[in-house]
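Here are the chains, one letter per residue:
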Amino acid sequence: MEVKLWNDKREREMYENFAELYAIIKATEKLEKAYVRDIISSSQYEPECQKLIAHFKTLASSFKDTVPSIERFADTYKMDCPAAINRLVTSGVPATVEHRAAAAASSTTSAAIVAECVQNFITAMDSLKLNMVAVDQVHPLLSDLSASLNKLSILPADFEGKTKMKEWILRLSKMGAADELTEQQARQLHFDLESSYNSFMAALPSAGT
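In this text, all values refer to a predicted model and were calculated from it rather than measured experimentally.

Q: An account of unusual backbone geometry is requested, with residue identities and associated values reported.
A: The backbone phi angle of D38 is positive, close to 60°, even though this residue is not glycine. Among the secondary structure elements, D38 is positioned in the loop between α1 (9-36) and α2 (42-62). Judged by relative accessible area, D38 falls into the exposed class, the value being 65%. At N131, a residue that is not glycine, the phi angle is positive and equals roughly 65°. As for its position among the elements, N131 is in the loop between α5 (95-129) and α6 (135-151).

Laid out in structure tokens, this is it:
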């Protein structure tokens, strides 16, 4: 004896949509696991994931009144598919797209820090040229430069600019705020700044790498 799940065409379409939604969630879960385990490549994963997400969005929007919560739908039908729910509902884009966005954000952040370091180098050197040699004038500039250099992860801990600025800051902290650098000290500091700046520019990756 055949048992009907629906009483009319509208109910039949609803159950067919439920079955399709179930299939999309299950397929996405399998795809996510395959990608994480390196069973498929990024180039294979991304277009398939995009298709599933697009299909899911179209389907979900067509019966948002019937299925207000995808998470509840998954619970109701005992679907243990956390990766699929994250990809389809929370993220909405393939993992590869997320990774590229994160890398771009990281690159943008690094570029901003590089610009900050360059500005701090130039400001410190220009200040010495303008004979701003009092401790309370020099110390803040070197502190800002040291802080910006320490924020840049591509520079090693023993980078010349970091160690030299640390030495100068330590030396200045032992002097009074109104004390001034001697002509010889100012000349040496400018030399160290210029040398560190050149090393800094050389340490930056070229545009092609």
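Q: Just give me the short version of the domain arrangement of the chain, but keep the residues and values in it.
A: Here the domain parsing of the chain yields domain 1 (7-92) and domain 2 (107-201). The C-alpha-based centres of domain 1 and domain 2 are spaced at 55 Å.

Q: How would you explain α1 if you had to name every residue and give the values?
A: Its 28 residues give α1 an end-to-end C-alpha distance of 41 Å, which sits within 8% of 40 Å, the value for a rise of 1.5 Å per residue. Restricting attention to buried positions, one finds in α1 the residues F18, L21, I24, I25, T28, E29, L31, E32, A34 and Y35.

Q: Which residues make up empty space enclosed by the protein, and what are the values?
A: Taken as a whole and assessed by the stated rule, the structure comprises 1 cavity of 30 Å³ or more. Taken together, A124, S127, L128, V138, L141, L142, L189 and L193 make up the lining of the largest cavity. Elements with a minimum of two residues in the lining of the largest cavity: α5, α6 and α8 (183-203).

Rules behind the numbers
Residues numbered from 1 in each chain as written. Predicted model: local features only at pLDDT ≥ 70, side-chain atom pairs only at ≥ 80, totals over all residues. Heavy atoms only, no water. Helix = DSSP H or I, 4+ residues; strand = E, 2+ residues; numbered from the N terminus. Buried < 20%, exposed > 50% of the residue type's maximum accessible area, 1.4 Å probe, protein only. Domains from an automatic or database assignment. Expected span 1.5 Å × (residues − 1). 1 Å grid on protein atoms, 1.4 Å probe; cavity = no way out; pocket = protein on both sides within 12 Å on 5 of 7 lines; lining within 4 Å. Points joined across faces, edges and corners; volume = space filled by probe spheres on them.

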